[in-house]
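# Remarks on the overall topology
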Amino acid sequence: MALVSVRDYEQRAHEIIPRNALDYYRSGAGDELSLHLNRTGFDRLRIRPRMLQGGSTRDLTCTVFGERFALPIAISPTAMQRMAHPEGEVANAKAAASRQVLFTLSTISTSSIEEVAAATPNAPKWFQLYIYRDRQLTEGLVRRAEKTGFRAIVLTVDAPLFGLRRADMRNKFSLPPHLTMANFVGKAANIRSQGGSGINEYIAEQLDPTLSWEDVKWLLGFTKLPVIVKGILTREDAIIAADLGVQGIFVSNHGARQLDSVPASIEALPEIVAAVGDRVEIFLDGGITQGTDVFKALALGARMVFFGRPALWGLAVNGQAGVEHVLDILRNELDLTMALAGCKTLADITKDYVVHENYYSKL
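Note that this is a predicted model, so its numbers are computed, not measured.

So, about the UniProt feature "binding site: glyoxylate" (unreviewed entry) in the protein. As annotated by UniProt and renumbered to match this structure, "binding site: glyoxylate" (unreviewed entry) occupies Y24, R165, H254 and R257. A maximum C-alpha distance of 13.1 Å is found for the annotated residues, which run over 234 residues; spatially they form one tight group. Considered against the largest pocket, the annotated residues that line it turn out to be Y24, R165, H254 and R257. Position of Y24 relative to the elements: it lies in helix 2 (residues 19-26). Y24 has contacts with A79, M80, M83, R165, D168, F173, I199 and R257, leaving out every residue within four places of it along the chain. Along the polypeptide, H254 turns up in the loop between strand 9 (248-252) and helix 11 (265-276).

Have a look at this one:
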C-alpha cells in the first residue's frame with residue numbers, strides 16, 4: 001500500500017516497532033481521554049474557505065526569533081528515538097535540516113547533543129531541557145547545547161513527575177540494553193525497570209519534583225539563548241511566564257501523557273493567545289496529523305506547529321527518508337488547504353477562517 005498520509009505511516013510503524021517501545025510512544029495518561037481530545041479537538045473545528053482570492057502559488061515560509069524556516073511546521077522533542085530506528089535522533093534531525101524546518105532534541109535522547117550537532121552543523125535546532133535534581137548537571141546540558149550551536153532552550157514545565165502511563169506499567173518498560181541516555185554517564189544514563197515502569201522510576205529518581213517558577217528564573221539568569229516554556233495550558237501560567245521574560249510558550253499537554261482530562265492543546269490555544277500572544281511567540285504541540293490541523297492552529301494564533309509522533313512513525317518505517325516524506329506530506333496538505341481556503345501567505349490565515357462546530361448549530 002502506498003504511504004500517502006501520516007495515518008498510513010502510523011499504521012505501518014505499528015507493525016514494525018517492538019511492543020515495549022511502541023506502547024511507550026503511542027500511549028497517553030490514565031484512561032487516555034486527553035489523548036483522544038488531542039485528535040477530536042481538531043475535528044470539532046471547521047474551516048470557512050473564501051473563494052476567488054487569486055494567486056497560483058502560496059508562501060509557506062515563516063520567521064521565528066529572526067530565523068526563517070521553509071514551513072510553520074517543526075519537530076517536537078521525543079525521547080529515545082533509537083528504539084524506532086538505529087539512527088534515531090540523528091536521522092530525524094537530518095530530515096528536518098533537509099527540509100529547512102526546525103528540530104528539537106530531547107534531554108532523554110539516545111543520540112547525544114554533540115552527535116546531533118555534528119550531523120547537522122548549520123541547521124537550526126532547539127534543545128528541550130528537563131531540570132534534574134543535580135543543578136550542576138542541568139546547567140551542563142545547557143552549556144553543551146550553547147556550545148554546539150543549538151538556538152533555544154525549551155524548558156518542559158509539566159513533568160516534575162511522569163504521568164500515570166498504564167501501558168508502560170504493564171510492560172515494565174525498560175530501555176533496550178544496547179541503548180543508553182546518550183547525554184549522560186552513570187545512573188542517569190540508564191532506564192531499567194525495578195519492577196514497574198522504568199521511565200517513571202527514572203524520572204522519580206533523577207528529576208526535581210519541587211520544580212517551580214524560581215527554576216525558570218534560574219535558567220533565564222544564566223543562558224543567553226531564548227527560553228521557551230513547554231507545557232502551558234492556562235492563561236494564568238502564560239501570564240506568569242511572560243512576566244518572567246520567557247521568549248516563547250509551547251501550548252502543550254505533553255502528548256496527553258501527563259495529566260489525563262486536561263484539554264487538548266488546540267482547545268487551550270485561544271485563551272493563551274488572547275492573554276500573551278502580543279508579548280511572546282506562541283507554539284502548539286499535540287494532535288497534529290494533517291495539513292488542515294496546521295491551518296487551524298495557525299488560524300487560532302500559533303506561530304509554528306510542532307509534532308512528535310508522526311516523525312517517529314516516519315523514522316520507524318524508513319529512517320531519514322521516512323521523516324522527510326512525512327514532512328513533505330504535511331507541507332503539501334497545508335499548501336492545498338491554503339489554496340482551497342483562499343490564503344496566499346501565512347499572514348492571511350486569521351481567526352476568521354476557523355470556527356467551532358457549534359457555530360453552525362446556532363444558525
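Moving on, we come to the pairing of strand 11 (residues 304-307). Here strand 11 shows no split at all, with M304 and F306 on one side and V305 and F307 on the other all buried. Chirality of the crossover, the property in question, places the unit of strand 10 (residues 281-285), helix 12 (residues 291-299) and strand 11 among those that are right-handed.

Attention now moves to the layout of surface pockets. Rolling a probe over the atoms, with the probe sized like a water molecule, indicates the empty space that remains. Of the pockets and cavities examined, the largest pocket occupies roughly 690 Å³. Around the largest pocket, the lining comprises 35 residues; the ones closest to its centre are Y25, G255, R257, G308 and R309. Looking at the lining of the largest pocket, the elements that each hand over two or more residues are helix 1 (6-16), helix 2, helix 3 (33-43) and helix 13 (309-341). When the residues that make up the lining of the largest pocket are grouped by side-chain class, the tally is 14 nonpolar, twelve polar and nine charged.

On to the side chain of R257. Inspection of the secondary structure puts R257 in the loop between strand 9 and helix 11. This buried residue, R257, is left without a salt bridge; D168 holds the nearest opposite charge, at 5.0 Å. Here R257 is in contact with Y24, Y25, S27, G28, A29, G163, R165 and R309, once residues within four sequence places are set aside.

Membership of the largest hydrophobic core comes to 121 residues, with the highest contact counts inside it found for M80, W126 and I249. Looking at this core, the element that brings in the most residues is helix 13, giving 13 residues.

Cut-offs used in this document
Residues numbered from 1 in each chain as written. Predicted model: local features only at pLDDT ≥ 70, side-chain atom pairs only at ≥ 80, totals over all residues. Heavy atoms only, no water. UniProt positions renumbered as here; feature names shortened; annotations may be inferred. 1 Å grid on protein atoms, 1.4 Å probe; cavity = no way out; pocket = protein on both sides within 12 Å on 5 of 7 lines; lining within 4 Å. Helix = DSSP H or I, 4+ residues; strand = E, 2+ residues; numbered from the N terminus. Contact = heavy atoms within 4.5 Å. Buried < 20%, exposed > 50% of the residue type's maximum accessible area, 1.4 Å probe, protein only. Right-handed = clockwise from strand over helix to strand, strands pointing away. Points joined across faces, edges and corners; volume = space filled by probe spheres on them. Nonpolar A, V, L, I, M, F, W, Y, C, P; charged D, E, K, R; others polar. Lys, Arg positive; Asp, Glu negative; His and termini not counted. Salt bridge = Lys/Arg side-chain N within 4 Å of Asp/Glu carboxyl O. Core = buried A, V, L, I, M, F, W, Y, C linked by side-chain atoms within 4.5 Å.

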